[in-house]
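Spelled out, the chains give:
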Amino acid sequence: MIRSIAFDVFDTLYPTGKPKLFDAFRLAEQQVMREEGIEFSMEEYWKAVEKTTREIQSPEWKNDKLKFPIVLLKNMEIQKEGLAQKIGVQFGIVNKKYKGGQPEIFPDAREIIPYLHQKKILLSIISDTDEDWIRGQLKKDGLLEFFSEFYLSFQIGLGKGSGVPFQHFIEGMKKKGIAPDECAMIGDLSVDMEAKRFGMKTILYNPGGNPTSHYSYPPDYVIKNYAELKRLLKSD
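Reading guide: rules and limits
- Residues numbered from 1 in each chain as written.
- Predicted model: local features only at pLDDT ≥ 70, side-chain atom pairs only at ≥ 80, totals over all residues.
- Heavy atoms only, no water.
- Helix = DSSP H or I, 4+ residues; strand = E, 2+ residues; numbered from the N terminus.
- Expected span 1.5 Å × (residues − 1).
- Buried < 20%, exposed > 50% of the residue type's maximum accessible area, 1.4 Å probe, protein only.
- Contact = heavy atoms within 4.5 Å.
- Arc of directions from axis to C-beta.
- Pairing = 2+ DSSP bridges.
- Axes fitted to C-alpha atoms, helices over the stretch in contact; angles between N-to-C directions.
- Phe/Tyr/Trp six-rings, centres within 6.5 Å; stacked < 30°, edge-to-face > 60°.
- Lys NZ or Arg CZ within 6 Å of the ring centre and 35° of its normal.
- Parallel < 35°, antiparallel > 145°, perpendicular 65-115°, else oblique.
- Left-handed = near helix turned anticlockwise from the far one by under 90°.
- Nonpolar A, V, L, I, M, F, W, Y, C, P; charged D, E, K, R; others polar.
- Salt bridge = Lys/Arg side-chain N within 4 Å of Asp/Glu carboxyl O.

For helix H1 (residues 21–35), spanning 15 residues, the distance from its first C-alpha to its last is 21 Å, which sits close to the expected 21 Å at 1.5 Å a residue. Residues of H1 that are buried: Leu21, Asp23, Ala24, Phe25, Arg26, Ala28, Glu29, Gln30, Val32 and Met33. Lining the buried residues of H1 we find helix H2 (42–55), helix H3 (67–75) and helix H4 (83–98). Directly after H1, the chain includes Gly37, whose backbone phi takes a positive value near 75°.

For the rest of this paragraph, the subject is helix H6 (residues 131–140). Turning to H6, its buried residues number three or more, namely Ile134, Gln137 and Leu138. Down the axis of H6, the buried side of the element spans an arc of 95°, and every buried residue falls inside it. Set apart from the buried face of H6 by more than 90 degrees, the exposed residues are Asp132 and Lys139. On its buried face, H6 sits against strand E2 (122–127) and strand E3 (147–152). Phi turns positive, to about 70°, at Gly142, one or two residues after H6.

Here we take up the sheet that holds E3. On the basis of which strands lie adjacent, the open sheet formed by six strands has the order E3-E2-E1-E4-E5-E6 and parallel pairing. Lying at the two open borders of the sheet, with one neighbouring strand each, are E3 and strand E6 (221–223). Averaged over all neighbouring strand pairs, the angle between strand axes comes to 25°, with direction disregarded. The pairing of strand E4 (residues 183–187) with strand E5 (residues 201–205) spans four bridges and is parallel. Bridging from a neighbouring strand, Ile186 pairs with Ile203 of E5. Where helix H5 (residues 107–118) meets the sheet, it contacts strand E1 (4–7), E2, E3 and E5, and its direction lies at approximately 135° from that of E2.

Summed over all chains, the structure comprises twelve aromatic pairs. Ring geometry for Phe10 and Trp133: centres 5.1 Å apart, planes at 45°, overall tilted. With Phe10 in the loop between E1 and H1 and Trp133 in helix H6, this residue pair connects regions lying 123 residues apart in the sequence. When the centroid spacing of 5.8 Å and the interplanar angle of 40° are considered together, the rings of Phe40 and Tyr45 count as tilted. Of the two residues, Phe40 and Tyr45, neither departs from the other in class, the shared state being buried. Members of the aromatic cluster, connected to one another through ring pairs, are Phe7, Phe106, Phe147, Phe150, Tyr205 and Tyr226. Above the ring of Phe150, the side-chain terminus of Arg135 is found at 4.1 Å from the ring centroid. A cation over an aromatic ring shows up here: Lys230 above the ring of Tyr115, its NZ or CZ 4.6 Å from the ring centre.

Attention now moves to the packing of H1 against H2. With their axes 13 Å apart at the nearest point, H1 and H2 run at an angle of 125° to one another. What the angle tells us is that H1 and H2 run oblique. Crossing handedness for the pair H1 and H2: right-handed. Of the residues in H2, those touching H1 at Phe22, Arg26, Glu29, Gln30, Met33 and Arg34 are Met42, Tyr45, Trp46 and Val49. Tallied by class, residues from the contact of H1 with H2 come to six nonpolar, one polar and three charged.

Right, let's get into the pattern of salt bridges. Going through the model one piece at a time under the given rule, you end up with 18 salt bridges. Residues Glu55 and Lys74 are paired through a salt bridge, measuring 3.5 Å at the closest nitrogen-oxygen approach. Note that Glu55 is positioned in helix H2 and Lys74 in helix H3, a separation of 19 residues in sequence. According to the relative accessible area criterion, Glu55 is partly exposed, its value standing at 27%. Between Glu131 and Arg135 there is a salt bridge, with its nearest N and O atoms 2.8 Å apart. Here Arg135 and Glu131 lie together in helix H6, a separation of four residues that amounts to about one turn. Here Glu131 falls in the partly exposed class, since its relative accessible area comes to 23%. Exposure remark for Arg135: the relative accessible area of 33% places this residue in the partly exposed category. Beyond isolated ion pairs, a larger network of salt bridges with shared partners links Glu50, Arg54, Glu194 and Arg197.

Function cannot be inferred from these measures alone, as they are strictly geometric.
As structure tokens, this is what we get:
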């Protein structure tokens, strides 16, 4: 029985755009590598992305703006001077395009949150999102009151790929008498599914049907919308 649910934010509760920000970064780096004449298989690429997402959580990369392309190229065994910088330039262009504004929460997410609260399920946020931003968004949408806990990388100092935010969440839930296997993480990325390492159930929010074969920790459940979450909880 699920008694506590933690949500990721971007592309789980709030859209970052079309394509979503994570995908836009990936398309940008793929384009740069192809323009540079670098050949790679998509299977090789996605495995490297998965590995990179975890490795950049190390404190040594904390303040390096080029950490993702540097580590990605290392994991793909690609050595080409200036390539990480070229990818970084494209990241900046993508980020500028997506930055700012107040995105509208997904309509079915707006409906599911009060429903879950009514069902006495404790709601939290586990995200690499800025705290002031997400609190402001939830307040704007009249949903802040439904969330009791926030576990954010900007507070903790390490991102989800390190596992530390999940550990903090589990410690917080244990103080409330809620066991890890009574908790679920809902997110749209492979890094969100790493909550499974710590005994939590994992639910991949995947409306686009993106491939998951490269995930180190396959999700326990996959949903395309939050109506499916309702059905899942009823059958749990």
